[in-house]
Amino acid sequence: MSKNTLREDKTCLNCNYVVEKKFCPNCGQENIDTRKTFYQLFVHFFEDLTHYENSFWKTIRNLLLKPASLTKEYLSGKRMSYLAPIRLYIFISFATFFLLSVIPDNEDTPDVKVNSKKVLVATKKKEKDTIFKEQEKIIKLEQLGLLTKTESDSLQKLFIQTKLKQIKDKKNNFTLLGSSYNSVEELDSLQKHGKPSEKLGAFEYWITRKMQLVNDKYDSDELKEKFAESFIHNLPKSLFIYMPLFALVLWLFQNKKKWYYFDHGIFTLHYFSFLLLAILILRIINYLFEFINDYTFFNILEYIFATVAILYMFYYFFPAHHRFYGESRVVSACKGIAMFIINIIFIVIILSVMAIYTFINIH
């Protein structure tokens, strides 16, 4: 440890309390000279760095290999040797979602996106050319005297309407509420002049109109791409909403006098930190295997690793729950299965709401 020079003045710089020894008895600040030499600054930085690294790797090791040990240690008061649960979760969450967003699916992904856009543009141009050519044919028939001006205009109008209807049918509007419309104008018209059975409730109409505006703005391929991108971007928000509910389910299944909601919250932070870290490790390993996937041996090895990792992620909760709450394996397993079912319901509800929110906010 580095040696810091104590101040001759016994008044604490932070709270003006009298400091008899090295640390202030009121606020805990060390009563040392604030101005340091470059050597002292370097040594202090090195000490902080190595302390953080030691606690970080110790925390990660226990998180992955010793289910619930971090939670038990933290609640028993041993907190200086490990990263704090909230700091750990924020760091892992940021690292996971950031790296998942920058790691490409495969080497051909950029080209595939570019090619799909080219195909989309070419398809739209082809459809416009088809309409134009058919109109030219009708005009030639009119010029030859085989059609009158009125018949020519009617045929052109009918052809254009039919072609546009075919294009709309191909579009396959995305809907989450069971109703599909060709345009916002059609929806508004039915809502204003349609039969009572065709009209929507106020909230359903508001949601449906928002979704139809998005459908009118983008074609199906662009819509799928933007929706997937936005939905993944909103996943951290969904997780942030879901975690307190997960802790609430734990609280409902445990002795209220023995366990506080705070205890379940710490368990939840550590458990979700493990899940996110495991997902990140799995994705990195899979990405590395993509460079050697031409060999059958490595394909089999990748499949085995992914299978074991996924099974371990599902298994992890049960020993963690058993060790932390001190219940028998049978009781812990039964509670775990019941909680799993309840959490599936919560997940479906949250993801459904997030899907609607994501869709109506696509820009």
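On a predicted model such as this, the values are computed, not experimentally measured, just so you know.

Draft legend 1. The environment of F324, seen in detail. Considering the arrangement of structural elements, one finds F324 in helix α10 (residues 296–325). Accessibility expressed as a relative area gives 6% for F324, which makes it buried. C-alpha of F324 to C-alpha of D263: the two residues are 61 residues apart in sequence and 10.0 Å apart in space. Those residues within four positions of F324 in sequence are excluded, and the remaining contacts are A68, T71, K72, L75, W259, D263 and F267.

Draft legend 2. Examining unusual backbone geometry more closely. Although it is not a glycine, N16 sits at a positive phi angle of roughly 65°. Inspection of the secondary structure puts N16 in the segment before α1 (38–65). Here A68, not a glycine, exhibits a phi torsion of approximately 75°, which is positive. The topology assignment puts A68 in the loop between α1 and α2 (69–75). Residue class for A68 comes out buried when judged on its relative accessible area of 6%.

Draft legend 3. Geometry of the pattern of salt bridges. In this structure the tally under the stated criterion is 5 salt bridges. In this structure, K22 and E30 form a salt bridge, with 3.1 Å as the shortest nitrogen-oxygen distance. We classify K22 as partly exposed; its relative accessible area is 37%. Judged by relative accessible area, E30 falls into the partly exposed class, the value being 24%. A salt bridge links R209 to D188, with the nearest nitrogen and oxygen atoms 3.0 Å apart. Remark: D188 occurs in helix α6 (residues 184–193) and R209 occurs in helix α7 (residues 202–217); sequence separation between them is 21 residues.

Draft legend 4. Structural context of the confidence of the model for the protein chain. The share of residues in the protein chain with pLDDT of 70 or more is 79%, and the mean pLDDT across the chain is 80. Throughout residues 107–120 the model reports pLDDT below 50, and contacts reaching past four residues in sequence, or to other chains, amount to 5 contacts.

Draft legend 5. Highlighting the packing of aromatic side chains. Counting across every chain of the model gives 28 aromatic pairs. Their ring planes at 35° and their centres at 6.5 Å tell us that Y312 and Y315 sit as a pair that is tilted. Taken together, the residues span about one helical turn, with Y312 and Y315 both in helix α10 at a distance of 3 residues. Classification of Y312 as partly exposed rests on a relative accessible area of 29%. When its relative accessible area of 47% is taken as the criterion, Y315 is described as partly exposed. With a centroid separation of 5.8 Å and 80° between ring planes, the pair formed by F317 and F318 is classed as edge-to-face. Over the ring of W251 we find K256, and its NZ or CZ is 5.1 Å from the ring centre.

Draft legend 6. Spotlight on the packing of helix α3 (residues 85–102) against helix α9 (residues 261–289). Running from amino to carboxyl end, α3 crosses α9 at an angle of 25°, the nearest separation of the two axes being 9 Å. By the angle class used here, α3 and α9 are roughly parallel. The two elements α3 and α9 cross, and the hand of that crossing is left-handed. In this structure, α3 uses P85, I86, L88, Y89, I92, S93, A95, T96, F97, L99 and L100 to contact α9, whose residues at the interface are I266, L269, H270, F272, S273, L276, L277, I279, L280 and R283. Split into classes, the residues belonging to the contact of α3 with α9 amount to 16 nonpolar, 4 polar and 1 charged.

Draft legend 7. Expanded view of the side chain of H264. In this fold, H264 is placed in helix α9. Other than its neighbours up to four places away in sequence, H264 contacts A247, L250, W251, Q254, W259 and Y325.

Draft legend 8. Region of interest: the nonpolar core. Residues L63, F267, Y271 and F272 are the most contacted members of the largest nonpolar core, which totals 36 residues. Looking at this core, the elements with two or more residues in it are α1, α2, α3, α8 (220–252), α9, α10 and α11 (329–360). If one sorts the elements of this core by residue count, α9 sits on top with 10 residues. Residues within four places of Y271 in sequence aside, it is in contact with F246, M313, Y316 and F317.

Draft legend 9. Broad picture of the environment of Y325. One can find Y325 in helix α10. Residue Y325 is classed as buried on the basis of its relative accessible area of 3%. Taking C-alpha positions, Y325 is 8.3 Å from Q254, a pair spaced 71 residues apart along the chain. Not counting chain neighbours up to four residues away, the residues in contact with Y325 comprise L250, Q254, K258, W259, H264 and F267. A polar contact of 2.7 Å, which involves the side chain of Y325, links it to the side chain of H264.

Parameters and conventions
Residues numbered from 1 in each chain as written. Predicted model: local features only at pLDDT ≥ 70, side-chain atom pairs only at ≥ 80, totals over all residues. Heavy atoms only, no water. Helix = DSSP H or I, 4+ residues; strand = E, 2+ residues; numbered from the N terminus. Buried < 20%, exposed > 50% of the residue type's maximum accessible area, 1.4 Å probe, protein only. Contact = heavy atoms within 4.5 Å. Salt bridge = Lys/Arg side-chain N within 4 Å of Asp/Glu carboxyl O. pLDDT = per-residue confidence, 0-100. Phe/Tyr/Trp six-rings, centres within 6.5 Å; stacked < 30°, edge-to-face > 60°. Lys NZ or Arg CZ within 6 Å of the ring centre and 35° of its normal. Axes fitted to C-alpha atoms, helices over the stretch in contact; angles between N-to-C directions. Parallel < 35°, antiparallel > 145°, perpendicular 65-115°, else oblique. Left-handed = near helix turned anticlockwise from the far one by under 90°. Nonpolar A, V, L, I, M, F, W, Y, C, P; charged D, E, K, R; others polar. Core = buried A, V, L, I, M, F, W, Y, C linked by side-chain atoms within 4.5 Å. Polar contact = N/O pair within 3.5 Å; in protein donor to acceptor, adjacent residues only side chain to side chain.

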